Amino acid sequence: MALWTETASGRLARHQERRAGIDAARLRALAARVLPGLLFCALLAAAWQAMAIRSASPLVPDLYAIGDELKLILLSGEAYRQIGATLGRIVLGLLLGFVVALAVGLASARNRFARSFFEPALLLGLTVPGLVWALLCVIWFGLSLKTSVVAIALGIAPALAVSISQGIVAVDPQLVEAAHVYRLRFWERLRYLWLPAILPFLMSGMRLAFSLAWKVVVLVEVFGLSSGVGYALNTGFISQNVAAVVAWTLAFSVVVAAIEYGLFQTVERRLTRWKRKSLV
Amino acid sequence: MSALRFEHVDKTFVRPSGEREAVLKDFSLEVAPGELVAIVGSSGIGKSTLLHLAAGLEQPDAGRVAFTAGRAPRLGMVFQQPRLFDWLTAADNIAVAIHTAGGDVARAQEMLTAVGLGKYAKSYPLSLSGGQRQRVALARAFAIQPDVVLLDEPFSALDELTARKLRLQLQELWLDHAPSGILVTHNTLEAAFLADRVVVLGGKPARIEKIVDVSEARPRNADNSFYFDLHRDILATLERHAG
């Protein structure tokens, strides 16, 4: 019994040792991933502060002024309201753009006529700056939700359609044949073949679409809306409040980073679990 | 009565250069219920085209491919490569095919056990060896309780030792399920060992040069000299028609 107890405690100690080793390795990996980025942010902040002290101008506010502005918009709840309004428009615009891009991307990948038919539209869409969509939609739809949603959809659909089309073209035709032989129905093919196969293209397309969407919506809000981050930035610009402009930019950037790391990367990791398990 | 019939089938392919190449012309062949017919012939002669026509992956220009009782048959197919969905586990790859065929998905585990991969049910294809993946593909083809199984050089990408094991595995599955089928292969010894009849194709468009009956009951012994004699006979026919 004593022998058993010794063995068990020995095992426990070895387990704890191994666990500590794994934790330390994880910590080192996390530090290696995060520290360079943090170092860049610290150097940028230091350079900004040095520039602010040297110029001594309200056009280059120091970190304290920016921090005060950030505190103000956060504590007043203004940041949540405006960022929420902008995000709501982005989500609706992304949804509309995704539906259009999926239809165009699918058709372009599967049909030669559709590919030639949509090619000029995609080329035009990829080259037209978001600013043009923002201006046109403000002119066409005025001060309404439709303005931002349609402008975002027009801005993102071409890039997303190209990503989806490339993903579908890259699907192994041998798997398509296997799905045909085993008579998978449309929804089964979509679920078990098409979506998993085009996932990498879809994820990179959605990331690109998200970054484009936020640039377009801010322009729409600057030109024609009375809420959102763009509106807040414009207010700061009109009153020459550079600290407010920087504070709003920082606040929204944090939200964008949280969506990238918290949503896109988590979803991608979850959906590509099989790749990691395949390597085991 | 036949399980599968090619009736006066014509098939012509158009090459990228615009040149037309007649692969099959007035081609007819019957596969009896429970029979496995092996098709051998030189590369590009149209062996795989026959399987693609049977699987509905290609349509004949003339003639037809008919199945028993006129209803849509359950088709199982094993390709040269396993063609599994890498993002689904071994069991799920089989379960999807069973579900589509309207069967009980619990059979996926049974079939994996039958091909010796019971403990790999939750493994993803890329974590399995080539032989194991091909066994999953075999299990998928038989899991749907097929009327007809189409085998397109199923063991040609494997080393001989693994291929030998899988041939025996295929023989067991054939005994358990008794479907009808076509095996396309370059390996004449494999054809002699597995098939009930070996059809030797030659010429262009392809025609049947010779049919060799393998009147041996299953289970068969792969080391029986009878199959080596047949293999030499088939090979001699192939060499004669290859010029």
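All of the points below concern the structure found in this document. (Residues numbered from 1 in each chain as written. Chains lettered and ligands numbered in written order. Predicted model: local features only at pLDDT ≥ 70, side-chain atom pairs only at ≥ 80, totals over all residues. Heavy atoms only, no water.)

What about the sheet that holds strand β3 (residues 36–40) of chain B?
Residue and element names in this part refer to chain B. On the basis of which strands lie adjacent, the open sheet formed by six strands has the order β5-β6-β7-β3-β8-β9 and mixed pairing. Strands with a single pairing partner mark the edges of an open sheet, and in this sheet they are β5 (75–78) and β9 (207–213). Taken pair by pair, the neighbouring strands of this sheet meet at an average axis angle of 20°, ignoring direction. Relative to strand β7 (residues 180–184), β3 runs parallel, the two sharing four bridges. Following the sheet pairing, L36 is matched in β7 by G181. Relative to strand β6 (residues 148–152), helix α1 (residues 47–55) is tilted by about 150°, and along the sheet it contacts β3, β5, β6, β7 and β8 (197–202). (Pairing = 2+ DSSP bridges. Helix = DSSP H or I, 4+ residues; strand = E, 2+ residues; numbered from the N terminus. Axes fitted to C-alpha atoms, helices over the stretch in contact; angles between N-to-C directions. Contact = heavy atoms within 4.5 Å.)

Focus: a positive patch on the surface
Residues R33(A), R269(A), R270(A), R273(A), R276(A), K277(A) and K122(B) make up a contiguous surface patch of positive charge. Residue assignment for the positive patch shows that the elements contributing at least two residues are α10 (242–271) and α11 (273–279) of chain A. The biggest single contributor to the positive patch is α11(A), with three residues. The topology assignment puts K277(A) in helix α11. The exposure class assigned to K277(A) is partly exposed, which follows from its relative accessible area of 47%. (Patch = residues over 30% accessible without salt bridge, like charges linked within 9 Å, V, L, I, M, F, W, Y side chains within 5 Å. Areas by Shrake-Rupley, 256 points an atom, 1.4 Å probe, with all protein chains shown as cover. Salt bridge = Lys/Arg side-chain N within 4 Å of Asp/Glu carboxyl O. Lys, Arg positive; Asp, Glu negative; His and termini not counted. Charge placed at Lys NZ, Arg CZ, Asp CG, Glu CD. Buried < 20%, exposed > 50% of the residue type's maximum accessible area, 1.4 Å probe, protein only.)

With respect to a nonpolar patch on the surface
All names here are of chain A. Where nonpolar side chains cluster on the molecular surface, the patch consists of L131, L135, I139, W140, F141 and F223 and spans about 600 Å² of accessible area. With five residues, helix α5 (residues 130–141) is the largest single contributor of residues to the nonpolar patch. As for its placement among the helices and strands, W140 is situated in helix α5.

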